[in-house]
Amino acid sequence: EAGVVQSPRYKIIEKKQPVAFWCNPISGHNTLYWYLQNLGQGPELLIRYENEEAVDDSQLPKDRFSAERLKGVDSTLKIQPAELGDSAVYLCASSQGGVAGELFFGEGSRLTVL
Amino acid sequence: EDQVTQSPEALRLQEGESSSLNCSYTVSGLRGLFWYRQDPGKGPEFLFTLYSAGEEKEKERLKATLTKKESFLHITAPKPEDSATYLCAVQEVNNQGGKLIFGQGTELSVKP
């Protein structure tokens, strides 16, 4: 069974440019998460989806970040415009409903903002 | 505020040298405590879930234990392939949706 797929794996952009990350969760997983991981730190939740509904986006900086999960499957996370401090790894994860804490993570998208 | 602190930040062991990693947590009510392993350039990989004080889980050379304030990940006779960052995370009891609060991780290096 395929795991969580993310793309691109690496992205280098100039500050103020836009960037988008894509995630395809494990088939049948209705819950999808976007986490941010800075170097040497644990992941921090940005947004959580139950099917196509964003049920927790309290940590998402809404002035520059946006996300969508059309049809309750794939998801896209966008940053516009990017700032130097956005350099980090953006992790997507999915889980089955009712299984607390057992998240399946993708390999992440590493963003470098110059 | 919910908080998770892991120690040490880094641990270097010789192959076969057993040790323990610590995860201290502060939550208003614990729904679950989770251990993950993260290899360089990869996403975290789920290892264990612990729900209540006194609970223990084992997997190969790893054993996780839980008290009311902390969890330990014991590594018995580690091998070089156990080298990774180990992350601890908690879920608060009122959070039904799986939001995890992660610690900063312990980077384990096992030398042959």
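Keep in mind that what you see is a predicted model, and the values were worked out from it rather than measured.

## A closer look at the nonpolar core
Core analysis: the largest hydrophobic core is formed by 23 residues, its most contacted members being Leu33(B), Trp35(B), Leu73(B) and Tyr86(B). Those elements that place two or more of their residues in this core are β2 (10–14), β3 (19–26), β4 (30–38), β5 (45–50), β7 (62–66), β8 (70–75), β9 (84–92) and β11 (106–111) of chain B. Among the elements that line this core, the one with the most residues is β9(B), at four residues. Core analysis: the next-biggest nonpolar cluster, separate from the first, contains 22 residues, Val4(A), Leu36(A), Ala88(A) and Cys92(A) among them.

## What about the state of the cysteines?
A covalent bond between the sulfur atoms of two cysteines is referred to as a disulfide. Summed over all chains, the structure comprises two disulfides over all chains. Covalently, Cys23(A) is tied to Cys92(A) through a disulfide, its sulfur atoms 1.9 Å apart. Because the sign of the S-S torsion sets the handedness, a value of about -70 degrees for the bond joining Cys23(A) and Cys92(A) places this disulfide among the left-handed ones. With Cys23(A) in strand β3 (residues 19–24) and Cys92(A) in strand β9 (residues 88–95), this pair connects stretches of sequence that are 69 residues apart. The partner cysteine of Cys23(B) in its disulfide is Cys88(B), sulfur to sulfur 1.9 Å. Taking the sign of the S-S torsion, -60 degrees for the link of Cys23(B) and Cys88(B), the bridge is left-handed. Separated by 65 residues along the polypeptide, Cys23(B) in strand β3 and Cys88(B) in strand β9 bring together distant segments of the chain. Of the two residues, Cys23(B) and Cys88(B), neither departs from the other in class, the shared state being buried.

## Points about the sheet that holds β3(A)
All names here are of chain A. Read across the sheet, four strands follow the order β1-β3-β8-β7 without closing on themselves; strand pairing throughout is antiparallel. Of all strands in the sheet, those bounded by a partner on one side alone are β1 (5–7) and β7 (65–68). On average, each strand axis in the sheet is inclined to that of its neighbour by 15 degrees, with strand direction left out of account.

## Here we look at the side chain of Gln38(B)
Topologically, Gln38(B) is positioned in strand β4. Separated by 2.9 Å, the side chains of Gln38(B) and Gln37(A) make a polar contact. Residues in contact with Gln38(B), not counting those within four places in the same chain, are Gln37(A), Gly43(B), Pro44(B), Ala84(B), Thr85(B) and Leu87(B).

## Examining the packing of aromatic side chains
As enumerated under the stated definition, the model contains nine aromatic pairs over all chains in all. Considering the side-chain rings of Tyr35(A) and Phe105(A), the 5.7 Å spacing of their centres and the 55 degrees angle between planes classify their relative orientation as tilted. Here Phe105(A) lies in strand β10 (residues 104–105) and Tyr35(A) lies in strand β4 (residues 31–37), a separation of 70 residues in the sequence. Taking the relative accessible area as the measure of exposure, Phe105(A) reaches 11% and is therefore buried. Here the aromatic cluster, defined as three or more aromatic residues joined through ring pairs, consists of Tyr33(A), Tyr35(A), Phe105(A), Tyr36(B), Phe46(B) and Phe102(B).

How each quantity is defined
- Residues numbered from 1 in each chain as written.
- Chains lettered and ligands numbered in written order.
- Predicted model: local features only at pLDDT ≥ 70, side-chain atom pairs only at ≥ 80, totals over all residues.
- Heavy atoms only, no water.
- Core = buried A, V, L, I, M, F, W, Y, C linked by side-chain atoms within 4.5 Å.
- Buried < 20%, exposed > 50% of the residue type's maximum accessible area, 1.4 Å probe, protein only.
- Helix = DSSP H or I, 4+ residues; strand = E, 2+ residues; numbered from the N terminus.
- Disulfide = S-S within 2.5 Å.
- Pairing = 2+ DSSP bridges.
- Axes fitted to C-alpha atoms, helices over the stretch in contact; angles between N-to-C directions.
- Polar contact = N/O pair within 3.5 Å; in protein donor to acceptor, adjacent residues only side chain to side chain.
- Contact = heavy atoms within 4.5 Å.
- Phe/Tyr/Trp six-rings, centres within 6.5 Å; stacked < 30°, edge-to-face > 60°.

Remember, this is a structural readout, not a statement about activity or role.
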